[in-house]
There are 2 protein chains.
Amino acid sequence: MLKNIQIILCEPSHPGNIGATARAMKNMGLSALTLVSPERYPDAEATSRASGADNILEHATVVTDLPAGIATCQWLFGTSARTREFPWPQMTPRQAASKIIELAQGNQKIGILFGPERAGLSNEALQHCDYHIAIPTHPDYPSLNLSQAVQILCYEIYCYAIELQTSLPLPTNNHNFDKATQEEMGGLLAHFEETAVKLGFMDPEHPKKLLPRLRRLFSKSQLEKDEVNILRGFLKQVQRVVDT
Amino acid sequence: MLKNIQIILCEPSHPGNIGATARAMKNMGLSALTLVSPERYPDAEATSRASGADNILEHATVVTDLPAGIATCQWLFGTSARTREFPWPQMTPRQAASKIIELAQGNQKIGILFGPERAGLSNEALQHCDYHIAIPTHPDYPSLNLSQAVQILCYEIYCYAIELQTSLPLPTNNHNFDKATQEEMGGLLAHFEETAVKLGFMDPEHPKKLLPRLRRLFSKSQLEKDEVNILRGFLKQVQRVVDT
């Protein structure tokens, strides 16, 4: 499904950004890269920044003009920071991701266009697009690095895809821990109280707020059985030393 | 509000990633950068990749070890791709962003830790953290470039911050409590260790997993300053009794 999504870099000037784009794509399960009239390519810097994603560079389509780059796309999304002359359907990356995944699931061919580092996409290129995507950035410094913009889009697409398709593995959440019972927590608190009195740390006649505070502390700690055992082992040792 | 959020790079080896991190931060309205023991810094490549964000590099805090880097943080988030030995509260970047913004609004000091390029955060560093963040990536190629990982987190934080600006204020959460700093937590752990050795509860030559387990326990307990004081008062009394 993700194979229906093509990343298209228009006239990228830094080969490092091409390599970083390949890596960002592969991290997020994308593989189809098109380069329109890159300034320097192939280039050692592109390969180095691609890190383990050099297979994406090897299979990249390199063309000399935009019409050739977008020829097979059925849907075009253009990224743009600037407000344009013409009003256009504009989306956040998150909105775009949901639309893109919906289209990709219907086996539509999608292209996402990114402009050159200095100027961004031309008005002409943007006019080819069905939708414009604006990445939210701080007004004081809105200009994103090219490969970072690609990363954000690919990340949103991948997040949406895994949200939708449980067949793609999610990061495992490992909350299979063995939480202590209320009884075990009560035992720990009583053990603490007994030890505190023995130590002279707490006056049983005037306990102040010590016990409620400890109960709260232990309770919010969501202690596991093992942890209760460690703490009780410690208290046992304290009592042993006090008694000798 | 965003000024309460600190990006902390642990032992970054490539100066280019430091520069790209500064740019990614500034694009998303963040400014506080801490570098823990960078391999090469300052460096022309960092400045060049920072592009217009060199003011963030100029004001970056450079320290030689992790405890110094996180000393003033009240809440620590650690980014991690790997599944760890110990279960830990784990979040997606989006979940983390919402938590981070909520805390930042309550004027809490937050640190977001990123590990070195090759290995990621050490288990030790992760044990300092209140929460772990796992960026969803494709299992075939999960290793993100460092500055791209920073970009995704900063982007999610900024999106959440602007989403909030346009909506109703959050119900005030109970973050008016005075959470202990990392330095205070470190003091407590050291005090516990010293007492455990004195008691004969821990053999300093064979500490097994006691200290990491305690660090984790204290960290997930989200201790307040008062609670640290209570526990240290208890330990002090134990030592006094052992010494007599």
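See above for the structure.
This is a predicted model, so every value here is computed, not measured.

Each partner contributes to the interface: chain A provides 68 residues, whereas chain B provides 67 residues. Here chain A packs against chain B, burying approximately 5600 Å² in sum over the two surfaces, 60% of which is carbon and sulfur. Between the two partners, chain A and chain B, sit eight salt bridges. For B:Glu156, the salt bridge goes to A:Arg94, with nearest N and O atoms at 2.8 Å. A per-element tally of the side of chain A that touches chain B places helix H10 (residues 225-243) of chain A first, with 11 residues. Of the residues contributing to the side of chain A that touches chain B, the split by class is 36 nonpolar, 21 polar and 11 charged.

Our focus in this paragraph is the sheet that holds strand E4 (residues 75-79) of chain A. Residue and element names in this part refer to chain A. Here seven strands make up an open sheet; going across it, the order is E3-E2-E1-E6-E4-E7-E5 and the pairing parallel. Every interior strand has two partners, whereas the edge strands, strand E3 (61-63) and strand E5 (90-91), have only one. Examined bridge by bridge, E4 and strand E6 (residues 110-114) share four bridges and lie parallel to one another. Its bridge partner lying in E6, phenylalanine 77 is registered against isoleucine 112.

Per the stated rule, a full pass over the model turns up eight aromatic pairs over all chains. When the centroid spacing of 6.0 Å and the interplanar angle of 65 degrees are considered together, the rings of A:Phe192 and A:Phe218 count as edge-to-face. You can see A:Phe192 sitting in helix H8 (residues 182-199) and its partner A:Phe218 sitting in helix H9 (residues 210-220), a full 26 residues away along the chain. For the pair formed by A:Phe192 and A:Phe218, the shared burial category is buried. Ring centres 5.4 Å apart and planes at 85 degrees place the aromatic pair A:Phe234 and B:Phe201 in the edge-to-face group. Taken together, the residues A:Phe234 in helix H10 and B:Phe201 in the loop between helix H8 (182-199) and helix H9 (210-220) connect one chain to another. A relative accessible area of 3% places A:Phe234 in the buried class. Each residue in the set A:Phe192, A:Phe201, A:Phe218 and B:Phe234 is aromatic and connected to the rest through ring pairs, giving one cluster. B:Lys26 extends its terminal NZ or CZ atom over the ring of A:Tyr141, reaching a point 5.1 Å from the ring centre. One Lys or Arg, B:Lys179, reaches over the ring of B:Trp75 and ends 4.4 Å from the middle of that ring.

The gaps of empty space that remain are located by a probe, the size of a water molecule, rolled over the atoms. For the structure on display, the rule yields four cavities of 30 Å³ or more. Taken as a whole, the largest cavity holds about 170 Å³ of empty space. Within the residue set of the lining of the largest cavity, elements represented by two or more residues are H8, H9 and H10 of chain A together with H8, H9 and helix H10 (225-243) of chain B. Residues of the lining of the largest cavity, tallied by class, amount to 15 nonpolar, one polar and no charged. The calculated volume of the second largest cavity comes to roughly 110 Å³. Lining the second largest cavity we find B:Gln127, B:His128, B:Asp130, B:Lys179, B:Ala180, B:Gln182, B:Met185, B:Gly186, B:Leu189, B:Arg215, B:Phe218 and B:Ser219. For the lining of the second largest cavity, the secondary structure elements donating two or more residues are H8 and H9 of chain B. It is H8(B) that provides the largest number of residues to the lining of the second largest cavity, a total of four residues. For the lining of the second largest cavity, the class distribution of residues is four nonpolar, five polar and three charged.

Taken in spatial order, the seven strands of this open sheet run E3-E2-E1-E6-E4-E7-E5 (chain B), and their pairing is parallel. For this open sheet the edge positions go to strand E3 (61-63) and strand E5 (90-91) of chain B, each flanked by a neighbour on one side alone.

The next subject is the pairing of strand E1 (residues 5-10) of chain B. Regular strands place side chains that alternate from one sheet face to the opposite one. Residue and element names in this part refer to chain B. With six of six residues buried, E1 lies mostly within the body of the structure. Burial along E1 is two-sided: Ile5, Ile7 and Leu9 and Gln6, Ile8 and Cys10, pointing in opposite directions, are all buried. Where E1 meets strand E6 (residues 110-114), five bridges bridge the pair, whose relative direction is parallel. Along E6, the bridge assignment pairs isoleucine 5 with isoleucine 110. Note: E1 against strand E2 (residues 32-36), five bridges, orientation parallel. By the bridge assignment, isoleucine 8 is partnered in E2 with threonine 34.

About the criteria used
- Residues numbered from 1 in each chain as written.
- Chains lettered and ligands numbered in written order.
- Predicted model: local features only at pLDDT ≥ 70, side-chain atom pairs only at ≥ 80, totals over all residues.
- Heavy atoms only, no water.
- Contact = heavy atoms within 4.5 Å.
- Buried area = accessible area lost by both parts, 1.4 Å probe.
- Salt bridge = Lys/Arg side-chain N within 4 Å of Asp/Glu carboxyl O.
- Helix = DSSP H or I, 4+ residues; strand = E, 2+ residues; numbered from the N terminus.
- Nonpolar A, V, L, I, M, F, W, Y, C, P; charged D, E, K, R; others polar.
- Pairing = 2+ DSSP bridges.
- Phe/Tyr/Trp six-rings, centres within 6.5 Å; stacked < 30°, edge-to-face > 60°.
- Buried < 20%, exposed > 50% of the residue type's maximum accessible area, 1.4 Å probe, protein only.
- Lys NZ or Arg CZ within 6 Å of the ring centre and 35° of its normal.
- 1 Å grid on protein atoms, 1.4 Å probe; cavity = no way out; pocket = protein on both sides within 12 Å on 5 of 7 lines; lining within 4 Å.
- Points joined across faces, edges and corners; volume = space filled by probe spheres on them.

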